Amino acid sequence: MADHRVTRVGRHGYNTKSNRIRTIRTPGGRHVAQKIVKTTKGPRCSDCKCSLPGIKHLKNSAYKNLKKRERTVSRAYGGSACGGCVRQRIVRAFLLEEQKAVKKLLAERANKK
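Residues numbered from 1 in each chain as written. Predicted model: local features only at pLDDT ≥ 70, side-chain atom pairs only at ≥ 80, totals over all residues. Heavy atoms only, no water.

### Observations concerning unusual backbone geometry
Here's step 1: One non-glycine residue, Lys 49, adopts positive backbone phi at about 65°.
Here's step 2: Here Lys 49 shows up in the loop between strand S2 (31–35) and helix H1 (68–71).
Here's step 3: With a phi close to 55°, Tyr 77 is a non-glycine residue in the positive phi region.
Here's step 4: Looking at the secondary structure, you find Tyr 77 in the loop between H1 and helix H2 (83–112).
Here's step 5: By relative accessible area, which is 45% here, Tyr 77 ends up partly exposed. (Helix = DSSP H or I, 4+ residues; strand = E, 2+ residues; numbered from the N terminus. Buried < 20%, exposed > 50% of the residue type's maximum accessible area, 1.4 Å probe, protein only.)

### Examining the nonpolar core
Here's step 1: By size, the foremost hydrophobic cluster in this structure holds nine residues: Cys 45, Leu 52, Ile 55, Tyr 63, Leu 66, Ala 81, Cys 82, Cys 85 and Val 86.
Here's step 2: With residues up to four places along the chain from it excluded, the contact list for Leu 52 reads Pro 43, Arg 44, Cys 45, Gly 79, Ser 80, Ala 81 and Cys 82. (Core = buried A, V, L, I, M, F, W, Y, C linked by side-chain atoms within 4.5 Å. Contact = heavy atoms within 4.5 Å.)

### A few points about the side chain of Asn 19
Here's step 1: Tracing the chain through its elements places Asn 19 in the segment before strand S1 (21–25).
Here's step 2: Exposure remark for Asn 19: the relative accessible area of 4% places this residue in the buried category.
Here's step 3: Reaching out from Asn 19, the side chain makes a polar contact with the backbone oxygen of His 12 at a distance of 2.9 Å.
Here's step 4: Setting aside anything within four residues of it in sequence, one finds Asn 19 in contact with Arg 8, Val 9, His 12, Gly 13, Tyr 14 and Lys 35. (Polar contact = N/O pair within 3.5 Å; in protein donor to acceptor, adjacent residues only side chain to side chain.)

### Here we look at the pairing of S2
Here's step 1: As defined by bridge partners, S1 adjoins S2 across five bridges and the pair is classed as antiparallel. Pairing of Ile 21 across the sheet is with Lys 35, part of S2.
Here's step 2: Counted between consecutive antiparallel strands, the loop separating S1 from S2 contains five residues, among which Gly 29 sits at a positive phi close to 95°. (Pairing = 2+ DSSP bridges.)

### Quick word on the environment of Asp 3
Here's step 1: The residue Asp 3 is located in the segment before S1 in this model.
Here's step 2: Measuring from C-alpha to C-alpha, the distance between Asp 3 and Arg 30 comes to 9.1 Å, with 27 residues separating the pair along the chain.
Here's step 3: Engagement of the side chain of Asp 3 in a polar contact is seen with the side chain of Arg 5, the distance being 3.1 Å.

Written as structure tokens, this is what we have:
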């Protein structure tokens, strides 16, 4: 019967949340401990606080090693707001401009009479 016991990597051997391991079998047949890196919540939308699709969930220090296209999405407010919130902003701005134009038109008609 093979022995699957492994020695933990690092300084302390307690099975804490930050010190999880996975037992891996090497090509040579040995069993070694591989440290599991915790995953983060990832970047969030500034408006609705939902997770941003298309951007990896990494630690803040790891983003500096990524390419720019992996850090953002090629859209206005790419790495900070989700597509739905950007669409809402654009529609809101458009409707405000339309409202101003209608007010101006009604004021001109009122002045003519």
